[in-house]
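Here are the chains, one letter per residue:
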Amino acid sequence: MTGHKLNLSMLCDFYEFTMANGYMKAGYKDRIVYFDVFFRDVPDKGGFAIAAGLDQLIDYILDLHFTDEDIEYLRGKELFDEDFLEYLRNFHFTGDIWAIPEGTPIFPREPVLTVRAPAMEAQLIETYTLLAINHQSLIATKASRIVRAAQGRAVLEFGSRRAQGADGAVLGARAAYIGGCKGTACTISEELFGVPATGTMAHAWVQMFDTEYEAFRTYCETYPHNATLLVDTYNTLKSGVPNAIRAFNEALRPLGITQCGIRLDSGDMAYLTRKARKMLDDAGWPECKISISNSLDEYIIQDLMLQNADIDAFGVGERMITARSEPVFGGVYKLTAVEDQEGKIVPKIKVSENVDKITNPHFKKIYRLYDNETGKALADYLCVHDEVVDDSKPLEIFDARATWKRKELTNYTARNLQEPVFEKGKLVYKRPTLQEIQDYCKAQLDTLWEEVKRFDNPHTYYVDLSHNLWELKQRLLRENM
């Protein structure tokens, strides 16, 4: 496999090939089906997640193809009909996809993405669709929690070396930026996506020189406009900060440069940053920024803020890039409807003794309902695809699990969350820049109540079913139980 260029069309579970081949043999090759991508639980028991990964899914769909080598491999399994292998030789996606844009706060059991396509096509894109959405939504969600804990202070993604593989590092940095990070240590993520890459020195730089002061002064002279010095190689307060101040005085002050920084990677951060801040201020460096790193997450950052730590920026690595506290997003890809020979949509449901695994049937539409006075999101409203919410009229919403909980909305705005991405295999979506996605994410977070954004025991944000969809679901449950 050395030097072999991966064809991501083959990045799918093997059952997708066996099922697609079976669909062809059963005469279902061209049957139109509907699949929803949704998730059941928010990571870390949070109040919401952040949608991400759509851009990479678009690239995947545009490049879908099977090479001669791929087909020969499948032929060698001695499972597949030649008609199916010939179909793969000329394969391209011809279906429709709708998706909630990247950066949108999303909630359990609502369709983040909907696929309408011939059965074989819809089945063959299942794995990569989930992979793209699950991974980046997970990291964007974790990054958002960490950024919110920092209370306006900069958060940088520092996790490449401990990510799960190259894509985990590169795309993780992209997702972290969507979640609100200011930049990354991952250089290639700036080259590919424009995520600002940043960094100064490691402990090895300091150890390379005969003295700590020489290391600091040399760095200041080499990068006078980017001088952030790592001050905890030996002793933070007794040598690190004093040597940094001396280097700033002798290398930067004569140039009139006052912008500089120090970084700590170990020790009692609350105590050390308060002491370092006083030492820097007393020495005439009030504009010197203090940043910290070392296995940070939202809870450690939150505690540091409560302890009045004097920190301007956080470098967050392994616990963000791996979402260490809960490293699985759990999105699923479920059939919700098929079209019969006359083109009528026939809803489908998956039934389970585990109530959370019962699906919402049919081709659907998802609205977000906003209060016109506060601009805050009130609830999401899931309905059948041809239902239209007229926000000039009152709307009664109810909890699908406790139907006696009802509320009548007035003076609200209804916004359809999903946007068309592919129509008949053609890309129709205007792809925003990564900066536009980050800005959009920040604006959408502002529409959520603070109670929904709590880390612990957040307020439940409701995804309500329309009356029509609820009745349909109950009917299908009665028919299939």
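Residues numbered from 1 in each chain as written. Predicted model: local features only at pLDDT ≥ 70, side-chain atom pairs only at ≥ 80, totals over all residues. Heavy atoms only, no water.

1. Observations regarding the packing of aromatic side chains
Counted only if it meets this: Pairing of aromatic rings covers Phe, Tyr and Trp, the last counted by its six-membered ring, and requires centre-to-centre distances within 6.5 Å; plane angles under 30 degrees mean stacked, over 60 mean edge-to-face, and any other angle means tilted. In DSSP terms, a helix is any run of H or I states spanning at least four residues, a strand is any run of E spanning at least two, and both are numbered starting from the N terminus. Residue exposure (1.4 Å probe, protein chains only): buried if accessible area is under 20% of the type maximum, exposed if over 50%, otherwise partly exposed.
One pass over the structure, following the stated rule, counts 21 aromatic pairs. Both rings, one in Phe17 and one in Phe66, keep their centres 6.0 Å apart while their planes meet at 70 degrees; by these two values the pair is edge-to-face. Of the two residues, Phe17 sits in helix H1 (residues 14-25) while Phe66 sits in the loop between helix H2 (54-62) and helix H3 (68-76), which places them 49 residues apart along the sequence. Each member of the pair Phe17 and Phe66 is classed as buried. For the pair Phe66 and Phe91, a centre-to-centre distance of 5.6 Å together with 75 degrees between the ring planes defines the contact as edge-to-face. Of this pair, Phe66 sits in the loop between H2 and H3 while Phe91 is found in the loop between helix H4 (82-89) and strand S3 (96-99), placing the two residues 25 residues apart along the sequence. In textbook terms, an aromatic cluster arises when at least three aromatic residues are bridged by ring pairs, as seen for Phe14, Phe17, Phe66, Phe80, Phe84, Tyr87 and Phe91.

2. Describing the pairing of strand S16 (residues 395-399)
For a regular strand, the rule is simple: side chains alternate between the two faces of the sheet. Basically, it comes down to this: Here the rule is simple: two strands pair whenever DSSP picks up at least two bridges between them.
Along S16, 4 of the 5 residues are buried, which leaves the element largely enclosed by surrounding structure. With 5 bridges joining them, S16 and strand S17 (residues 402-409) adopt antiparallel strand pairing. Opposite Phe398, over in S17, you have Arg406 as the bridge partner. Two successive antiparallel strands, S16 and S17, enclose a turn made up of 2 residues.

3. Quick look at the packing of H2 against helix H6 (residues 126-149)
Our working rule: Here an angle of 0 to 180 degrees is reported between the N-to-C directions of two axes, which are lines fitted to C-alpha atoms, with helices fitted over the stretch in contact. By the definition adopted for this analysis, an angle is roughly parallel if under 35 degrees, roughly antiparallel if over 145, roughly perpendicular if from 65 to 115, and oblique otherwise. What makes a crossing left-handed is the near helix being turned counterclockwise from the far one by less than a right angle; a clockwise turn instead makes it right-handed. In what follows, a contact means two residues having at least one pair of non-hydrogen atoms within 4.5 Å.
Where H2 contacts H6, the two axes come as close as 8 Å, and the packing angle between them is 160 degrees. Relative to H6, H2 is oriented roughly antiparallel. At the point where H2 passes H6, the crossing takes the right-handed sense. Where H2 abuts H6, its residues Leu54, Gln56, Leu57 and Tyr60 lie against Tyr128, Thr129, Ala132, Ile133 and Gln136.

4. Overview of the sheet that holds strand S21 (residues 463-465)
An order of S18-S14-S15-S21 is seen for the 4 strands of this open sheet, with the pairing classed as mixed. Among the strands making up the open sheet, the edge pair consists of strand S18 (412-416) and S21. Going across the sheet, the axis of each strand differs from the next one's by a mean of 30 degrees, ignoring polarity. Note: strand S15 (residues 377-384) against S21, 3 bridges, orientation parallel. Residue pairing across strands places Leu382 opposite Leu465, the latter belonging to S21.

5. Regarding unusual backbone geometry
Its identity as a non-glycine residue notwithstanding, Arg109 has a phi of 70 degrees, on the positive side. Within the fold, Arg109 resides in the loop between strand S4 (105-106) and strand S5 (113-118). The phi torsion at Asn294 lies on the positive side, around 100 degrees, for a residue other than glycine. By the element assignment, Asn294 lies in the loop between strand S10 (289-292) and helix H13 (298-306).

6. A look at the environment of Asp340
What counts, and what does not: Counted as a polar contact is a pair of N or O atoms within 3.5 Å, where, for protein atoms, one must be capable of donating a hydrogen and the other of accepting one, and residues adjacent in sequence contribute only when both atoms are in side chains.
In this structure, Asp340 sits in the loop between strand S12 (332-339) and strand S13 (345-347). For the pair Asp340 and Ile32, spaced 308 residues apart in sequence, the C-alpha separation works out to 8.0 Å. Polar contacts involving the side chain of Asp340 include one to the main-chain amide nitrogen of Glu342, which spans 2.9 Å.

7. Quick notes on the nonpolar core
Our working rule: In this text, buried Ala, Val, Leu, Ile, Met, Phe, Trp, Tyr and Cys residues form a nonpolar core when linked through side-chain atoms within 4.5 Å.
The biggest cluster of nonpolar side chains holds 134 residues, and the ones touching the most others in it are Phe17, Phe84, Val115, Leu229, Phe248, Ile262 and Phe314. Not counting chain neighbours up to four residues away, the residues in contact with Phe84 comprise Phe17, Ala20, Asn21, Met24 and Met120. With 11 residues, the next largest nonpolar core counts Tyr367, Leu369, Cys383 and Ile397 among its residues.

8. As for the pattern of salt bridges
Counted only if it meets this: Any carboxyl oxygen of Asp or Glu within 4 Å of a side-chain nitrogen of Lys or Arg constitutes a salt bridge here.
Within the structure shown, the criterion is met by 33 salt bridges. A salt bridge links Glu396 to Arg406, with the shortest nitrogen-to-oxygen separation between them at 2.9 Å. Highlighted residues: Glu396 in strand S16 and Arg406 in strand S17, separated in sequence by 10 residues. We note a salt bridge from Lys453 to Glu450, for which the minimum N-O separation is 3.1 Å. If you follow the salt bridges from partner to partner, you end up with Asp44, Lys142, Arg145 and Glu298 in one network.

9. What to know about the side chain of Thr141
Turning to its location among the elements, Thr141 is positioned in helix H6. Under the relative-accessibility criterion, Thr141 is labelled buried at 2%. Thr141 has contacts with Phe48, Ala49, Ile50 and Phe329, leaving out every residue within four places of it along the chain.

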